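# Inside the fold
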Amino acid sequence: MKKSILISLAAFALSAPSFAQEEKAKEHPSPNAIVGAAQPAEWVQIPAEDLLMMTLAPDSDGAVREVVIQLMPAPFSQGWVSNIRTLARAKWYDGITINRVQDNYVVQWGDVHGEDPEKAKPLPEGLEVMDEGDYVFPFSALLKGQIYGVTASSRTSTLKLLLDGNQLPSPDKTMEEIAATMRTLRGDGYANDTYVIDGWPVALNGNKYGDPILSPTHCYGMVGVGRSYSPDTGSGAELYTVIGHAPRHLDRNIALVGRIIVGMEHLSSMKRGDGELGFYTESQAQLRTPIQSIRVLSDLAPADRPSFQYLSTESETFAKYAEARANRRDPFFIKPAGGADICNIPVPVRQVAND
């Protein structure tokens, strides 16, 4: 009898923490659990015109390597985004290579002879030329409703400060009043404030002496345009993606045009380059992975187009998800962090079956 009692007590001791953890998980679900419970109406379809399929040469085992890039919608970086579609449709990217893999920083691809006028691959006609002012978007234009997909009624809810729930000032305030209010809200070290607009991470900078500006942020997986020294702004022929700690010092200094939503593992795991800034040296030429093709998904046959959705950043579920990312209370965590930077609140994206 005594032995049976001891066994029963031991079993209870082992099961009690599990029961407590289950109860805690119900009360404080993980970010993934919150996203998993989102309603179908809270997901937004990503247009096939805004998606690229990049097919790399097969790996050493012959396995297919595909990377899906979501292009940034208006109003940000639209000149470069237009160029990228032009380059893809001209099949210009076919045959270029991954030329730079810098640890904890970026993977970059383009024409390895791009700096040599005699050997460079000719660019298609009709590419736009942008200036440095196109890296950002004026906040005043956004308040006037000059932003894709944002209406006057939804503007305030779209521009939420996720970390403490503060709302933006009323659109009828003057720019000086808006700028003064912005200075009272918490920034992140690189910007006065950070937001998620239509599913994209965005930072705000500015003061009462000028129109505040919005700019996309260099988070993990974001895709940007390689360029030379100013005033060059790049065409979109050379692109990179962030594979390390978010290099936010690049914000407002270079064009961001999208983000990788599938296949990041194919790029982040590549062998690092030995050359300056992580470029492959001539002795590493065999490591320059060829890009077989880059296609706009809307140009593919319907059966060949994967379909994707992102969780609406105006939804109630996204608000709960963002709060949970900033304050983890699910069973594994002991102390909530009390906050999260904009790059630690990635917008959930999922693949769905084609209609």
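Structural data are supplied above this passage.
Just so you know, the residues in each chain are numbered from 1, in the order the chain's sequence is written. Restriction of local features to residues with pLDDT of at least 70 applies here, the model being predicted, together with a cutoff of 80 or more for giving and counting side-chain atom pairs; totals for whole chains, interfaces and linings are based on all residues. Heavy atoms from the whole structure form the basis of all side-chain values; hydrogens and water molecules are not counted.

## Observations concerning the state of the cysteines
- When two cysteine sulfur atoms lie within 2.5 Å, the pair is treated as a disulfide. With the rule as written, the count across this model stands at 1 disulfide.
- Covalent S-S linkage joins Cys219 and Cys343, the inter-sulfur distance amounting to 2.0 Å. What sets the handedness of the Cys219 and Cys343 disulfide is the S-S torsion sign, and at about -80° it is left-handed. Note that Cys219 is positioned in the loop between strand S9 (213–216) and strand S10 (222–225) and Cys343 in the loop between helix H8 (316–326) and strand S15 (349–352), a separation of 124 residues in sequence. The way it works is that DSSP assigns letters per residue, a run of H or I at least four long becomes a helix, a run of E at least two long becomes a strand, and they are numbered from the N terminus.

## As for the sheet that holds S15
- Paired strands, in this sense, are two strands between which DSSP finds at least two bridges. Strand order across the open sheet formed by 3 strands is S1-S14-S15, with antiparallel pairing between neighbours. With partners counted over all chains shown, the strands left at the sheet margins are strand S1 (43–45) and S15, one partner each. When the angles between neighbouring strand axes are averaged without regard to direction, this sheet yields 35°.
- As paired elements, S1 and strand S14 (residues 307–311) share 3 bridges and run antiparallel to each other. In the strand pairing of S14, Gln45 is matched with Gln309. For every element, the axis is a line fit to its C-alpha atoms; helices are fit only across the contacting stretch, and the angle between N-to-C directions ranges from 0 to 180 degrees.

## Here's the deal with the environment of Gly244
- Within the secondary structure layout, Gly244 lies in the loop between strand S11 (239–242) and strand S12 (256–262).
- The spatial distance from the C-alpha of Gly244 to the C-alpha of Cys219 is 8.6 Å, given a sequence separation of 25 residues.
- With residues near it in sequence (within four places) discarded, Gly244 still touches Asn104, Tyr105 and Tyr220. Two residues form a contact once any of their heavy atoms are found within 4.5 Å.

## A short note on the sheet that holds S12
- Pairing is antiparallel across the open sheet formed by 8 strands, whose spatial order is S4-S5-S11-S10-S12-S3-S2-S13. Each of the sheet's edge strands pairs with one partner strand only, and the pair in question is strand S4 (97–101) and strand S13 (291–296). On average, each strand axis in the sheet is inclined to that of its neighbour by 30°, with strand direction left out of account.
- In terms of strand pairing, strand S2 (residues 51–56) meets S13 through 5 bridges, oriented antiparallel.

## Some remarks on helix H3 (residues 78–89)
- To estimate how far a helix should reach, multiply one less than its number of residues by 1.5 Å. For H3, with 12 residues, the first-to-last C-alpha span of 16 Å sits near the 16 Å given by 1.5 Å per residue.
- Working definition: with a 1.4 Å probe on protein chains only, accessible area under 20% of the residue-type maximum means buried, over 50% means exposed, and in between means partly exposed. Considered for burial, the residues of H3 that qualify are Gly79, Trp80, Val81, Asn83, Ile84, Arg85, Leu87 and Ala88.
- Taken together, the buried residues of H3 touch S2, strand S3 (65–71), S10, S11, S12 and S13.
- Just past H3, the residue Lys91 takes up positive phi, approximately 60°.

## Here's the deal with the side chain of Thr241
- Structurally, Thr241 can be placed in strand S11.
- For Thr241, a relative accessible area of 0% puts it in the buried group.
- The contacts of Thr241, once residues within four sequence positions are left out, are Tyr105, Val106, Val107, Trp109, Gly221, Met222, Val223, Ile260, Met264 and Leu267.

## A few points about unusual backbone geometry
- Looking along the chain, the bond that leaves Ala74 and enters Pro75 is cis, with omega of 10°.
- Inspection of the secondary structure puts Pro75 in the loop between S3 and H3.
- The linkage connecting Ser230 with the following residue, Pro231, adopts the cis geometry, with an omega of 15°.
- With respect to the element layout, Pro231 can be found in the loop between S10 and S11.
- The residue Ser77 is not glycine, and still its phi comes out positive at about 55°.
- Along the polypeptide, Ser77 turns up in the loop between S3 and H3.
- For Ser77, a relative accessible area of 3% gives the class buried.
- In this structure, Lys91 is a non-glycine residue whose phi angle is positive, near 60°.
- Structurally, Lys91 can be placed in the loop between H3 and S4.

## So, the nonpolar core
- Core analysis: the biggest nonpolar cluster contains 42 residues, and Leu51, Leu214 and Phe318 have the highest contact counts within it.
- The set of elements that each furnish at least two residues to this core consists of helix H2 (31–36), S2, helix H4 (139–143), strand S7 (193–197), strand S8 (200–205), S12, S14 and H8.
- Looking at this core, the element that brings in the most residues is H8, giving 5 residues.
- In plain words, nonpolar cores are sets of buried Ala, Val, Leu, Ile, Met, Phe, Trp, Tyr and Cys residues tied together by side-chain atoms within 4.5 Å. Core analysis: the next-biggest nonpolar cluster, separate from the first, contains 36 residues, Leu87, Ile98, Val257 and Ile260 among them.

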